[in-house]
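Chain residues, written in single-letter form:
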Amino acid sequence: GSMIEQVKTIFFKLKRLKSNRNIEDLKKYLTTSCYEKLKQELDELEKHGKIWVIKNLVIKEVAVIEVSEGKNKKPDCFSALIKSMGIEFIADKNKTSDITGYSDHVRNFSEQWSFIRQGDWWLLDEMKWKN
């Protein structure tokens, strides 16, 4: 259960911080490369006057789909499939007041996240959208 709990915890932290554009607090949950990639993504949106709009996300299912033990100096890792439902999209920062019909944006999402063990922690290393 601890892997699934870890996935859920990081999922909600990530989504909340992504919409606040304050990912500093995520550093301890992400590998350096994952953090840099996310930061770059958010800086890019900022540069183009865009923001993530994330609301009412609910996790419907989390499944650990692959676990591999560390070998040859590679750490233990696992992948999880996260199925969620809610509102998540990119919007124009100056026009958020125009986005009134949020309910139109409620969708089902599937993401595959990969984690790497560092000491006693599982760190998020990669996120992929699934269709």
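Up top is the structure these notes are about.
None of these values were measured; they are calculated from a predicted model.

Rules used in this analysis
- Residues numbered from 1 in each chain as written.
- Predicted model: local features only at pLDDT ≥ 70, side-chain atom pairs only at ≥ 80, totals over all residues.
- Heavy atoms only, no water.
- Salt bridge = Lys/Arg side-chain N within 4 Å of Asp/Glu carboxyl O.
- Helix = DSSP H or I, 4+ residues; strand = E, 2+ residues; numbered from the N terminus.
- Buried < 20%, exposed > 50% of the residue type's maximum accessible area, 1.4 Å probe, protein only.
- Expected span 1.5 Å × (residues − 1).
- Contact = heavy atoms within 4.5 Å.
- Core = buried A, V, L, I, M, F, W, Y, C linked by side-chain atoms within 4.5 Å.

Attention shifts here to the pattern of salt bridges. Using the criterion set out here, one finds 10 salt bridges in the structure. Lys 15 serves as the salt-bridge partner of Glu 111, at 3.0 Å between the closest nitrogen and oxygen. Of this pair, Glu 111 sits in strand S3 (residues 106–118) while Lys 15 sits in helix H1 (residues 2–20); the two residues are 96 residues apart in sequence, bridging distant segments of the chain. We classify Lys 15 as buried; its relative accessible area is 3%. Each of Lys 15, Lys 18, Glu 41, Glu 88 and Glu 111 takes part in one network of salt bridges that share partners.

The next thing to look at is H1. An α-helical segment advances 3.6 residues per turn. Residues three or four places apart therefore align on the same side. Over its 19 residues, H1 runs 27 Å from end to end, which matches the ideal 27 Å to within 8%, given 1.5 Å per residue. Among the residues of H1, those classed as buried are Gln 6, Val 7, Ile 10, Phe 11, Leu 14, Lys 15, Leu 17 and Lys 18. On its buried side, H1 packs onto helix H2 (32–47), strand S1 (50–68), strand S2 (77–92), S3 and strand S4 (121–130). The positive-phi residue at the C-terminal boundary of H1 is Arg 21, with phi of around 55°.

What follows covers the nonpolar core. By size, the foremost hydrophobic cluster in this structure holds 27 residues, and its most contacted members are Val 7, Leu 26, Leu 30, Ile 82, Trp 113, Phe 115 and Leu 124. When contributions to this core are tallied by element, the ones reaching two or more residues are H1, H2, S1, S2, S3 and S4. Sequence-distant contacts of Leu 30, that is, excluding residues within four places in its chain, are made with Tyr 35, Leu 38, Leu 123 and Leu 124. Ranked by size, the runner-up nonpolar core spans five residues in total, among them Ile 51, Ile 87, Phe 89 and Ala 91.

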